[in-house]
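Architecture at a glance
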Amino acid sequence: MKFLKILLLCALLSAPLFAQKKSLLSSGPMVGYTEMREAMLWAQTTASAEVFVQYWEQDKPKEKFKTNVFKTRAEDAFTAHLLADKVQPGKTYEYELVVGGKAEKRDYPLTFKTPPLWQYRTDPPQFTFAIGSCNYTNDSLYDRPGKPYGGDYSIFKSIAAKHPDIMIWGGDNIYLREADWNTRTGINYRYTHGRAVPEIQQLLATASNYAIWDDHDFGPNDSDRGFWNKDMTLEAFKNFWANPSYGIHDFKGCATTFEWGDAQFFLLDNRYHRTPDNRSSGERTLLGREQKQWLIDALTTSRATFKIVVMGGQFLNNVAKWETYATYPDEQLELLKAISDEKIRGVVFFSGDRHHTEMSRLERTGTYPLTEFTISPLTSGASTVADKEENFTRVPGTLVMEHNFAVVSFSGTSKEREMKVTVFNKSGGELWNKVLKASELK
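Figured I'd write up the structure that's included with this text. Because the structure is predicted, anything quoted here is derived from the model rather than measured.

Attention now goes to the overall build of the protein. When helices and strands are counted, the protein shows eight helices and 21 strands. Principal-axis analysis of the C-alpha atoms gives the protein an extent of 95 × 55 × 45 Å. Counting the 442 residues in the protein, one finds 56% classified as buried. The contacts of the protein with a sequence gap of at least 6 include a subset with a gap of at least 24, amounting to 67%. Carbon and sulfur atoms make up 53% of the accessible area of the protein, which amounts to about 19,900 Å² in all. Positive and negative side-chain charges of the protein, numbering 54 and 55 respectively, have mean locations separated by a distance of 5 Å.

We now examine helix H7 (residues 289-301). Relative to the 18 Å expected for 13 residues at 1.5 Å per residue, H7 spans 18 Å between its end C-alpha atoms, a close match to the ideal helical length. If you check which residues of H7 are buried, you get Gln291, Lys292, Trp294, Leu295, Ile296, Ala298 and Leu299. Elements that come into contact with the buried residues of H7 comprise strand S13 (256-260), strand S14 (263-267), strand S15 (306-311) and helix H8 (329-341).

All right, on to the state of the cysteines then. Within this structure, the stated rule accounts for zero disulfides. In this model Cys134 remains outside any disulfide bridge; the closest cysteine sulfur is found in Cys254, 14 Å from its own. Owing to a relative accessible area of 0%, Cys134 belongs among the buried residues under this scheme.

Here we take up the packing of H7 against H8. Following both chains from N to C, one finds H7 and H8 inclined at 15°, their axes separated by 10 Å at the closest point. On the basis of their axis angle, the class for H7 and H8 is roughly parallel. The element H7 and its partner H8 pack so that their crossing is right-handed. Touching Lys292, Gln293, Leu295 and Ile296 of H7 are Glu331, Glu334, Leu335 and Ala338, all from H8.

This model, assessed by the stated rule, comprises 23 salt bridges. For Asp152, the salt bridge identified is with Lys426, shortest N-O distance 2.8 Å. Pair noted here: Asp152 is in the loop between strand S10 (127-132) and helix H2 (155-161) and Lys426 is in the loop between strand S20 (418-425) and strand S21 (430-437), with a separation of 274 residues, a long-range link. Among the ionic pairs, Asp262 bridges to Arg417, the shortest N-O distance being 2.8 Å. One end of the pair, Asp262, is in the loop between S13 and S14; the other, Arg417, is in the loop between strand S19 (404-411) and S20, and 155 residues separate them in sequence. An identical accessibility class is assigned to Asp262 and Arg417; each is buried.

Below, the discussion takes up the nonpolar core. Counting 99 residues, the largest nonpolar core has Phe129, Trp169, Phe265, Ile308, Phe350 and Met419 as its most contacted members. Those residues in contact with Ile308, other than ones at most four positions away along the chain, are Phe129, Gln264, Phe265, Phe266, Val348, Phe350, Phe410 and Met419. Counting 21 residues, the second largest nonpolar core, distinct from the first, contains Leu25, Ala39, Val51 and Ala80.

Next up on the list: the sheet that holds S19. Taken together, six strands build an open sheet; the order of strands is S12-S11-S10-S19-S20-S21 and the sheet is mixed. Each edge of the open sheet is held by one strand with a lone partner, namely strand S12 (208-212) and S21. This sheet shows a mean twist of 20° between the axes of neighbouring strands, independent of strand direction. Sheet topology places S20 next to S21; seven bridges connect them, and they run antiparallel. Its bridge partner being in S21, Glu418 is matched across the sheet by Lys437.

So, about the side chain of Glu358. Along the chain, Glu358 turns up in strand S17 (residues 358-362). Here Glu358 falls in the buried class, since its relative accessible area comes to 0%. Separated by 3.2 Å, the side chains of Glu358 and Asn391 make a polar contact. If sequence neighbours within four positions are ignored, Glu358 has contacts with Gln314, Asn317, Glu372, Phe373, Thr374, Asn391, Arg394, Thr398 and Leu399.

What follows concerns helix H6 (residues 230-240). Of all 11 residues in H6, eight are buried; the element is thus mostly enclosed. Three or more residues of H6 are buried, namely Lys230, Met232, Thr233, Leu234, Ala236, Phe237, Asn239 and Phe240. For H6, the secondary structure elements touched by its buried residues are strand S1 (25-34), strand S2 (39-45), strand S6 (79-84), helix H3 (184-195), S12 and helix H5 (215-218).

Cut-offs used in this document
- All residue numbers here refer to positions counted from 1 along the written sequence of the relevant chain.
- With the structure being a predicted model, the display of local features is reserved for residues of pLDDT at least 70 and the display and counting of side-chain atom pairs for 80 or more, all residues being used for whole-chain, interface and lining totals.
- Side-chain metrics in this entry use all non-hydrogen atoms of the structure; hydrogen atoms and water are not considered.
- We count a stretch as a helix when DSSP gives it H or I for four or more residues in a row; a strand needs E for two or more, and each element gets its number in order from the N terminus.
- Buried residues are those whose accessible area, probed at 1.4 Å on protein chains only, stays under 20% of the maximum for their type, while exposed residues exceed 50% and partly exposed ones sit between those limits.
- Contact definition: two residues touch when any of their heavy atoms are within 4.5 Å.
- The accessible surface values rely on the Shrake-Rupley method and a 1.4 Å probe; as for residues, cover is taken only from the protein chains in view.
- In this tally, Asp and Glu contribute negative charge and Lys and Arg positive charge; neither His nor the terminal groups of the chain are included.
- Note that the charge is assigned to NZ on lysines, CZ on arginines, CG on aspartates and CD on glutamates.
- Here, expected helix span is obtained from the residue count minus one, scaled by 1.5 Å.
- The term disulfide is used for any two cysteine sulfur atoms that are within 2.5 Å.
- Between the N-to-C directions of two axes lies an angle of 0 to 180 degrees, each axis being a line fitted to C-alpha atoms and, for a helix, fitted only over the stretch in contact.
- Here roughly perpendicular refers to angles of 65 to 115 degrees, roughly parallel to angles under 35, roughly antiparallel to angles over 145, and oblique to all remaining angles.
- Two helices crossing with the near one rotated counterclockwise from the far one by less than a right angle form a left-handed crossing, whereas a clockwise rotation gives a right-handed crossing.
- Put simply, a salt bridge is a Lys or Arg side-chain nitrogen that is within 4 Å of an Asp or Glu carboxyl oxygen.
- Among buried residues, the Ala, Val, Leu, Ile, Met, Phe, Trp, Tyr and Cys ones that are joined through side-chain atoms within 4.5 Å form a nonpolar core.
- Note on pairing: DSSP must find at least two bridges between two strands before they are called paired.
- Two N or O atoms count as a polar contact when they lie within 3.5 Å, although within protein this holds only if one can serve as hydrogen donor and the other as acceptor, and sequence-adjacent residues are included solely when both atoms are side-chain atoms.

Structure (structure tokens):
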């Protein structure tokens, strides 16, 4: 008996030495923007903790680098932005996230890529980006009564399985509820709740993630510049995403731009500066004067083969309803006219918001037609009426009214570049694809 008591006492004393330390990680890691000489990584903890990332070139595992050490704070929703500034162009890096002194393990490789330095050296590189919009995460305490609006988050595993270099979140990436949008507590809760979905983690950790917002992550449904709390939702957007910028020059918002290969991406903000849809006096604008002029200038200056312009709402749909650009006809015409007048090549539009997917094509006299790919929804309710909408620019056979996403691949030599847009269902099965050749966008 005395021997058993001694054994029990030894077990009790030694238990803390072998007990697993509970993880302080709430969500992440996430790869944010990646440039040739730096990359931004992100994580969120459940309480204040010191966080950093250790990273190394995939073929040089012994030569390790370390980001800044950041102590997460309640006022930032315990989010951390961690700068990897020892990277080189065109490399694949493996990494590990360390939270509170403990390395967080995953059952998939943690990797990120930097864009290659190809200019004046080789043909443009092959690369891919995935895109989707309208991600609703169910939350019974705050959802409307009845059938849940979201669900089946396995689509994020399907996207990750395609191994895109980039993931573009096309707006409505969370859905703020009535209990959320008026307080920092509510806004941070909604982001935290959506970001912690298990199925989303691998995609966050292995692609370079860029985001814009639309009305539901900006504020209430159909919200505009009059929303009183837009600076607080912008603060949360900055905390939970890791874009290269949040607004450009002197205008606020989520707009930004980045390049990869011979494509330049222009991510637009269609909420922060938007006049109310039903306002009948004064200047009507969707983008705001500063953002509109920046976009026209930047498109004119860009030397990219493909100029990918992304916004929450649709650009080309002729139906002036449901917050399409056609509800702001003067500004829509001004932008389209500028693209023609400045002879800007290679413009392709991407959008979300509409809870259906379709390809739109606008013929233009004396120049190439403009093309738009609307990709929606990821997990929110799919449209049941889109097939009745008379969008005369819709390309027959491209309407999708179910959960879906797209992967866009760029390939070919400098003289024969093309981009292929493939739309997949939630399980990763192909629904349709279209190829645009650079020679057709001149």
